[in-house]
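Chain by chain, the residues run as shown.
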2 protein chains.
Amino acid sequence: MTDHRQAALDYARQHERDFEKNLQEFVAIPSISTSPEHKPQMQQAADWVANRLKSLGMNNVQILPTDLHPVVYGEWLGAPGKPTVLIYGHYDVQPVDPIELWRDDPFSGRVDGDRMMGRGASDMKGQDAACFNAVESIVKTGSLPVNVKWILEGEEEIGSPSLPKFLEQHKELLKADFCLNPDSGMLARDEPTLTYGLRGLAYFEIRVQGPASDLHSGIYGGAVHNPAIVLAELVAGMHDRDGRITLPGFYDRVRELPAEERAELARLPITDEKTKALTGVPEVYGEKGYTTVERIGARPTLDVNGFLSGFVGEGSKTVLPAKAMAKVSMRLVPDQDPKEVHQQLLAYLEKNAPKTVTWEVVMFAGGAASISDINLPGAQALAKAFETVWGKRPYFKREGGSVPVVGYMQKILGMESVLTGFGLPDDNLHAPNEKLDLPSWHNGTKALVHFLFNLA
Amino acid sequence: MTDHRQAALDYARQHERDFEKNLQEFVAIPSISTSPEHKPQMQQAADWVANRLKSLGMNNVQILPTDLHPVVYGEWLGAPGKPTVLIYGHYDVQPVDPIELWRDDPFSGRVDGDRMMGRGASDMKGQDAACFNAVESIVKTGSLPVNVKWILEGEEEIGSPSLPKFLEQHKELLKADFCLNPDSGMLARDEPTLTYGLRGLAYFEIRVQGPASDLHSGIYGGAVHNPAIVLAELVAGMHDRDGRITLPGFYDRVRELPAEERAELARLPITDEKTKALTGVPEVYGEKGYTTVERIGARPTLDVNGFLSGFVGEGSKTVLPAKAMAKVSMRLVPDQDPKEVHQQLLAYLEKNAPKTVTWEVVMFAGGAASISDINLPGAQALAKAFETVWGKRPYFKREGGSVPVVGYMQKILGMESVLTGFGLPDDNLHAPNEKLDLPSWHNGTKALVHFLFNLA
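Rules behind the numbers
Residues numbered from 1 in each chain as written. Chains lettered and ligands numbered in written order. Predicted model: local features only at pLDDT ≥ 70, side-chain atom pairs only at ≥ 80, totals over all residues. Heavy atoms only, no water. Helix = DSSP H or I, 4+ residues; strand = E, 2+ residues; numbered from the N terminus. Buried < 20%, exposed > 50% of the residue type's maximum accessible area, 1.4 Å probe, protein only. Contact = heavy atoms within 4.5 Å. Areas by Shrake-Rupley, 256 points an atom, 1.4 Å probe, with all protein chains shown as cover. Lys, Arg positive; Asp, Glu negative; His and termini not counted. Charge placed at Lys NZ, Arg CZ, Asp CG, Glu CD. Axes fitted to C-alpha atoms, helices over the stretch in contact; angles between N-to-C directions. Parallel < 35°, antiparallel > 145°, perpendicular 65-115°, else oblique. Left-handed = near helix turned anticlockwise from the far one by under 90°. Nonpolar A, V, L, I, M, F, W, Y, C, P; charged D, E, K, R; others polar. 1 Å grid on protein atoms, 1.4 Å probe; cavity = no way out; pocket = protein on both sides within 12 Å on 5 of 7 lines; lining within 4 Å. Points joined across faces, edges and corners; volume = space filled by probe spheres on them. Pairing = 2+ DSSP bridges. Expected span 1.5 Å × (residues − 1). Domains from an automatic or database assignment. Buried area = accessible area lost by both parts, 1.4 Å probe. pLDDT = per-residue confidence, 0-100. Salt bridge = Lys/Arg side-chain N within 4 Å of Asp/Glu carboxyl O. Polar contact = N/O pair within 3.5 Å; in protein donor to acceptor, adjacent residues only side chain to side chain. Least-squares fit on C-alpha atoms with pLDDT ≥ 70 in both. Phe/Tyr/Trp six-rings, centres within 6.5 Å; stacked < 30°, edge-to-face > 60°.

### Notes on the overall build of chain A
Looking only at helices and strands, chain A features 14 helices and 18 strands. Judged by the C-alpha coordinates and their principal axes, chain A covers about 80 × 50 × 45 Å. Residues classed as buried in chain A amount to 64% of the 456 residues present. A separation of at least 24 residues holds for 80% of the contacts in chain A among residues at least 6 apart in sequence. Accessible surface for chain A amounts to roughly 16400 Å². Of this, 49% is attributable to carbon and sulfur atoms. Across chain A, the 47 positively charged side chains and the 60 negatively charged ones have centroids separated by 2 Å.

Laid out in structure tokens, this is it:
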């Protein structure tokens, strides 16, 4: 081991408390991208990131505007002839409702034993910070062995709507050998993981209108089709008895899983018993003919993310609601196209919605699925770093979540991504009481130090 | 026409503005019975009613407590040998949400041309007030020709839960020849109406729980059964393709409509075109094999009154919700029993709910349907009064709404009810922008003056 690598690792070990304090500052900024009233906090988070990059000695640090939330850029290109890695991150977070289920202020960043609590602590301010920590450890003890560029966006949690245009406009600036994207996670503490497949996303809101305004359910019940029932029937019809999605043509482009890949996925340490324990469901559920691991990573799914109609306060109100709304999203696999799924949803509704109501569909987000090459030098450098830190080969997995940016990087920049992360499955991503596992996170910092040296 | 009757009618005509001002005072009290934070306003409304009864010369005026909201009682028994009529009313109103759809403060009582706007203006503070007005017109110009008792409850809009016990406890106090219940309405302006049938009500909240807390739909979509989809499927299964309700045994006790009654109902001036115009729906809808009039008045129905799951704010959130809730209520016809319907719902859910979720049902309200005798002296006195004021025989109809008190009066006090009212179908009952048609209401006051003289 070189002296510099060892010095950087020592620095990382000695500054764990400082890294935690720094992350607490970042978590304290409520940068909720979906909420218009948090726009000032979005700017505040972008400023914080820009200052952090400057503190790491990055050059050309810029806060670049988009149609919505800005992108933060920075670079250090002082290692000519060596590879350039583009480090991706996002500084926005999910909303916090239902707020009443949080045990802390969601933006406290309180450390509770091995955990740091807070919205974004794991997804993904903590992961951004692991990269900051690793680079800090190296630059405070010498020079970076490779070139780095950073891009941190503010719209990942709303589907990265401004990113494609941004990538188109900054192709030259963003040129790199590959992208490190730490927005994925680990299968368990001490189970380092590289993700090679990600599902895509298509997210819609379906709005059904019956009568012009709310009616008395006694006076009109029997005359008017209830829009909540109509929407429930439409949603119910979107799956068949085998848990397959019924939108016309939905499976036409779905790439089947090769037998070898099914065998590889079967080796992952994920069991139905573990999933039940982790989620609290009485039984797992999904498309017939596939294991839970396959259904999550390699099969498309359709979920209702929200449903609202009529009176939902305490007690009873005998209203026949004027309208009903469902947020419905699909997780996509290669080679499904979100725009085609939009058309399939419209075709389904045109065929199945009764003439007793009117309806409309709004599309909120869409991103294609992606699969990366696990033999890339970047992926191999990371896998080797994980072996050094954890003493074991990492798992290679397909993940159910969507990172549209990975698809955009491939399509627009022609750049492969190496996906990883140091969050755990029970981190409560997108849910109340999000937390970050600090031992895994500190190991992540060390692994990223090794990764950067391995790359050189 | 007696001099006194004529004097009372003249008084009513001369005091129309005063009656409106008095009703505005009553409407201004936000007596929302379902809302715990409006408890002081419920007491305020009860006090207002008690003072109004005192102003009419009523004796023994009392605000009698129940387990929830008090009942106001008053009487005038100065016509020995003459019939005694028990006038029923309720001083509570429905909630006002969605508040943003109201054009006025819901409690303004603003007069806009022929209309008075406000929650409760039609249902039923206006109807209570028509009775106050008629009695005021008679007692300010002489003595009442018959005996009257009043009972005004504060829980009608939540299903009258305290009323059965109250009636049991005050059987002697409430003794009367029959009950006048003006909580029904008119088919149209200038179409006076007596209601002889009312549907019952059974109101439930179904709660489905999947995972212990909200999950990320990417990470768990495919592993976990979505509770919003489960509940949508359960709701969808509650009707078959013919619009019939599928709860086991639901139709077993439903009394079939005799051919003569179907012919009588077919004469009512209610068409599908009018229903479409009134409600704004593209097409009417309901159980196959029955007309809209039959479906509303004489057939049971099942409606979703509210549905809530997951994220329902603006924009997108990729959450797999932990739970889903639907408020589901059934309108019942003779001889269905709300307790049996509760069992039928539980049986349906036990049979159809998947093992991937847990669920529970809360019953909020239940009341049986009722049918009254249209040849009662009270009904005939009212029909004759309507003919005098409007110059035409009234319609006799069955109504879709539920007035559980009519069933309680029959069962507990052995007392028939005469049902009427001066609200119109487009009064927006239980909906934003509730209003009262003032010309119909003033005619109603006059009709009630005639009614009381006709009874003597």
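From this point, things continue past the structure.
### Quick look at the packing of helix H12 (residues 377-390) of chain A against helix H14 (residues 438-455) of chain A
Residues and elements named next belong to chain A. Between H12 and H14, whose axes approach to 8 Å, the crossing angle comes to 130 degrees. For the element pair H12 / H14, the angle class is oblique. Note on packing geometry: the crossing formed by H12 with H14 is right-handed. For the pair formed by H12 and H14, the contact residues are Gly 378, Ala 381, Leu 382, Lys 384, Ala 385, Phe 386, Thr 388, Val 389 and Trp 390 on the first element and Ser 440, Asn 443, Gly 444, Lys 446, Ala 447, Leu 448, His 450, Phe 451, Asn 454 and Leu 455 on the second. Among the residues forming the contact of H12 with H14, the class breakdown is ten nonpolar, seven polar and two charged.

### Some words on the layout of surface pockets
There is about 850 Å³ of room inside the second largest pocket. Counting only elements with at least two residues in the lining of the second largest pocket, the list comes to helix H6 (217-220) of chain A together with strand S9 (200-209), helix H9 (272-279), helix H10 (292-297) and strand S16 (395-399) of chain B. For the lining of the second largest pocket, the element with the most residues is H9(B), which contributes four residues. Grouping the constituent residues of the lining of the second largest pocket by class yields 20 nonpolar, 16 polar and twelve charged.

### Describing the environment of Leu452(A)
With respect to the helices, strands and loops of the structure, Leu452(A) is situated in helix H14. When the C-alpha positions of Leu452(A) and Leu382(A) are compared, they lie 8.4 Å apart, and in sequence the two are 70 residues distant.

### Side note on the sheet that holds strand S18 (residues 435-437) of chain A
Residue and element names in this part refer to chain A. The antiparallel open sheet is built from three strands, whose spatial order is S4-S5-S18. On the outer flanks of this sheet lie strand S4 (111-112) and S18, each paired with one strand and no other. Here strand S5 (residues 115-117) pairs with S18 via three bridges, running antiparallel. Residue pairing for S18: Arg 115 is matched across the bridge by Asp 437. Packing against the sheet, H14 makes contact with S4, S5 and S18, and its axis sits at approximately 60 degrees to S18.

### Examining helix H14 (residues 438-455) of chain B
Between its first and last C-alpha atoms H14(B) spans 26 Å; for 18 residues at 1.5 Å apiece the expected length is 26 Å, and the two agree. Along H14(B), 17 of the 18 residues are buried, which leaves the element largely enclosed by surrounding structure.

### Side note on the pairing of strand S13 (residues 323-332) of chain A
Residue and element names in this part refer to chain A. By the criterion of burial, S13 is predominantly enclosed, with nine of the ten residues buried. As paired strands, strand S11 (residues 301-310) and S13 are joined by eight bridges and run antiparallel to one another. By the bridge assignment for S13, Phe 307 is matched with Ala 326.

### Quick word on the domain arrangement of chain A
All names here are of chain A. On domain assignment, one finds that chain A holds domain 1 (2-198 + 369-455) and domain 2 (200-254 + 300-367). If you average the C-alpha positions of domain 1 and of domain 2, the two centres end up 35 Å apart. If you look at the interface, domain 1 gives eleven residues, while domain 2 gives ten residues. A buried area of about 650 Å², summed over both sides, lies between domain 1 and domain 2, and 54% of it is on carbon and sulfur atoms.

### Describing the sheet that holds strand S4 (residues 111-112) of chain B
Residues and elements named next belong to chain B. Strand order in the open sheet made by the three strands is S4-S5-S18, with antiparallel pairing throughout. Edge positions in the sheet fall to S4 and strand S18 (435-437), since each has one partner strand and no second. Along the sheet face, H14 touches S4, strand S5 (115-117) and S18 and points at about 60 degrees away from the line of S18.

### Some thoughts on the packing of helix H1 (residues 3-14) of chain B against H14(B)
Residues and elements named next belong to chain B. H14 packs onto H1 with a crossing angle of 160 degrees between their chain directions and a minimal axis gap of 10 Å. Considering their axes alone, H1 and H14 lie roughly antiparallel with respect to each other. Here H1 and H14 pass one another in a crossing that is right-handed. Along the contact surface, H1 presents His 4, Arg 5, Ala 8, Leu 9, Ala 12 and Arg 13, while H14 presents Thr 445, Lys 446, Val 449, His 450, Phe 453 and Asn 454. Taken together, the residues of the contact of H1 with H14 sort by class into five nonpolar, four polar and three charged.

### A word on the confidence of the model for chain A
Averaged over all residues, the pLDDT of chain A equals 95, while 100% of them reach at least 70. Among the scores for the predicted complex, ipTM is 0.75 and pTM is 0.74.

### Describing the interface of chain B and chain A
On the chain A side, the residues contacting the 86 residues of chain B number 86 residues. In total, chain B and chain A occlude about 7000 Å² of area from one another, counting both sides; carbon and sulfur atoms represent 58% of this. Contact with chain A buries surface across chain B, with Tyr285(B), Ser316(B) and Lys317(B) losing the most and accounting together for 9% of the total. For the pair chain B and chain A, the number of links is two salt bridges. The residue Asp97(B) makes a salt bridge to Lys317(A) at a minimum N-O spacing of 3.7 Å. Summed over the shared surface of chain B and chain A, the number is 38 residue pairs in polar contact (both at pLDDT 80 or more). With ten residues, strand S11 (residues 301-310) of chain B is the largest single contributor of residues to the side of chain B that touches chain A.

### Here we look at the relation of the copies chain B and chain A
Rotating chain B by 180 degrees about the axis while translating it 0.1 Å along that axis superimposes it on chain A, leaving an RMSD of 0.1 Å. A rotation of that kind, with that shift, is consistent with a two-fold axis.

### What about the side chain of Ser417(A)?
Summarising the element assignment, Ser417(A) is placed in strand S17 (residues 417-419). Judged by its relative accessible area of 2%, Ser417(A) falls in the buried class.

### Notes on the environment of Asp105(B)
All names here are of chain B. Its location among the elements puts Asp 105 in the loop between strand S3 (84-90) and S4. Overall, the relative accessible area of 48% leaves Asp 105 in the partly exposed class. Considering only alpha carbons, one finds Asp 105 and Arg 119, 14 residues apart in sequence, at a separation of 9.2 Å. Of note is the side chain of Asp 105, whose polar atom sits 2.8 Å from the backbone nitrogen of Phe 107.

### Concerning the side chain of Asp104(B)
Residues and elements named next belong to chain B. Locating Asp 104 in the fold gives a position in the loop between S3 and S4. When its relative accessible area of 17% is taken as the criterion, Asp 104 is described as buried. A polar contact is formed between the side chain of Asp 104 and the side chain of Arg 110, at a distance of 2.5 Å. With sequence-adjacent residues up to four places away left out, Asp 104 is seen in contact with Arg 110, Met 117 and Asn 433.

### Structural notes on the packing of aromatic side chains
Applying the stated criterion across every chain, the model contains 23 aromatic pairs over all chains. With a centroid separation of 6.5 Å and an interplanar angle of 15 degrees, the aromatic rings of Trp390(A) and Phe422(A) are classed as stacked. Note that Trp390(A) is positioned in helix H12 and Phe422(A) in the loop between S17 and S18, a separation of 32 residues in sequence. There is no split in this pair, since Trp390(A) and Phe422(A) are both buried. Their ring planes at 10 degrees and their centres at 4.4 Å tell us that Phe26(B) and Trp48(B) sit as a pair that is stacked.

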